[in-house]
Amino acid sequence: MDEKNLLLMAFQEAPVGIVLTEDRTIRACNATFARLFGHPESALIGQSFRLLYETEREFEEIRDIGLAPLRDSGTYSDERLIRRIDGTRLWVRFRARTLTPETPLARLVMSFAPLPRPAAATVALTPRERDVVSGLAHGRTSKEIARHLGLSPRTIEDVRARLLRKFEVRNVTELLTRLTGPGISG
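Residues numbered from 1 in each chain as written. Predicted model: local features only at pLDDT ≥ 70, side-chain atom pairs only at ≥ 80, totals over all residues. Heavy atoms only, no water.

How should I be thinking about the sheet that holds strand β4 (residues 89-98) in this particular structure?
Where strands meet in a sheet, backbone hydrogen bonds hold them as pairs that are either parallel or antiparallel. Taken together, the 5 strands give an open sheet; going across it, the order is β2-β1-β5-β4-β3, and neighbouring strands pair in antiparallel fashion. Looking along the sheet, the strands with just one partner apiece sit at the ends: β2 (25-29) and β3 (75-83). In this sheet, adjacent strand axes meet at a mean angle of 30° when their direction is disregarded. Taken together, the 7 bridges between β4 and strand β5 (residues 108-114) define a ladder with antiparallel strand orientation. Each residue of the ladder has a partner; that of Val92, found in β5, is Pro114. (Pairing = 2+ DSSP bridges. Helix = DSSP H or I, 4+ residues; strand = E, 2+ residues; numbered from the N terminus. Axes fitted to C-alpha atoms, helices over the stretch in contact; angles between N-to-C directions.)

Right, here's the structure in full:
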């Protein structure tokens, strides 16, 4: 097998999903990425990354989270919930490297690796609960989440308390561990 075919095989069968985007549009992806999200590979090329998010608001907000690090260092990494084609949500470790630091979203190479989730984490989250969990996973306080979502801190505290009861955990660290798997925190 020649070197070009070996490189293509390595890309296609990498153990993580890999995707190249231009201005948040998928230009190339590997088979692992397509399988991870349940879409046929051919159906993804030319599509907006919007199809991986529940709402337009979530799609717009996620864009801004890593812009400063991408401009400063060229890389960004976090954990996030992504929507599969069947509507289920998947926790992934997300990593990005911009090829155009002056305009970080112009051309990005990204990887997505699923994070293990214990069976208890399959409980459905409401959109508000997803927003709060996302904020907690990014290390935000209730006040910061409230400000970000345009809600009162009391509302965020109520949702946070409901999540702790729902997942039968004592604190946010246990909640994030329950949602993302052992040994992984937000």
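Explanation requested: the pairing of β4 in the structure shown.
Judged by how many residues are buried, β4 sits mostly within the fold: 7 of 10 residues are covered. Relative to β4, β3 runs antiparallel, the two being bridged by 9 bridges. What sits directly across from Ser77, in β4, is Arg95. A loop of 5 residues connects β3 with β4, the two strands running antiparallel in sequence, and Gly87 in this loop sits at a positive phi of about 90°. (Buried < 20%, exposed > 50% of the residue type's maximum accessible area, 1.4 Å probe, protein only.)

Can you walk me through the packing of helix α6 (residues 127-137) against helix α8 (residues 153-166) in this structure?
Relative orientation and spacing of two packed helices are given, respectively, by the angle between their axes and the distance between those axes. Where α6 contacts α8, the two axes come as close as 10 Å, and the packing angle between them is 90°. Considered as vectors, α6 and α8 are oriented roughly perpendicular to each other. Mapping the contact onto sequence places Arg128, Glu129, Val132, Val133 and Leu136 in α6 and Ile156, Val159, Arg160, Arg162, Leu163 and Lys166 in α8. Its residues assigned to classes, the contact of α6 with α8 shows 6 nonpolar, no polar and 5 charged. (Parallel < 35°, antiparallel > 145°, perpendicular 65-115°, else oblique. Contact = heavy atoms within 4.5 Å. Nonpolar A, V, L, I, M, F, W, Y, C, P; charged D, E, K, R; others polar.)

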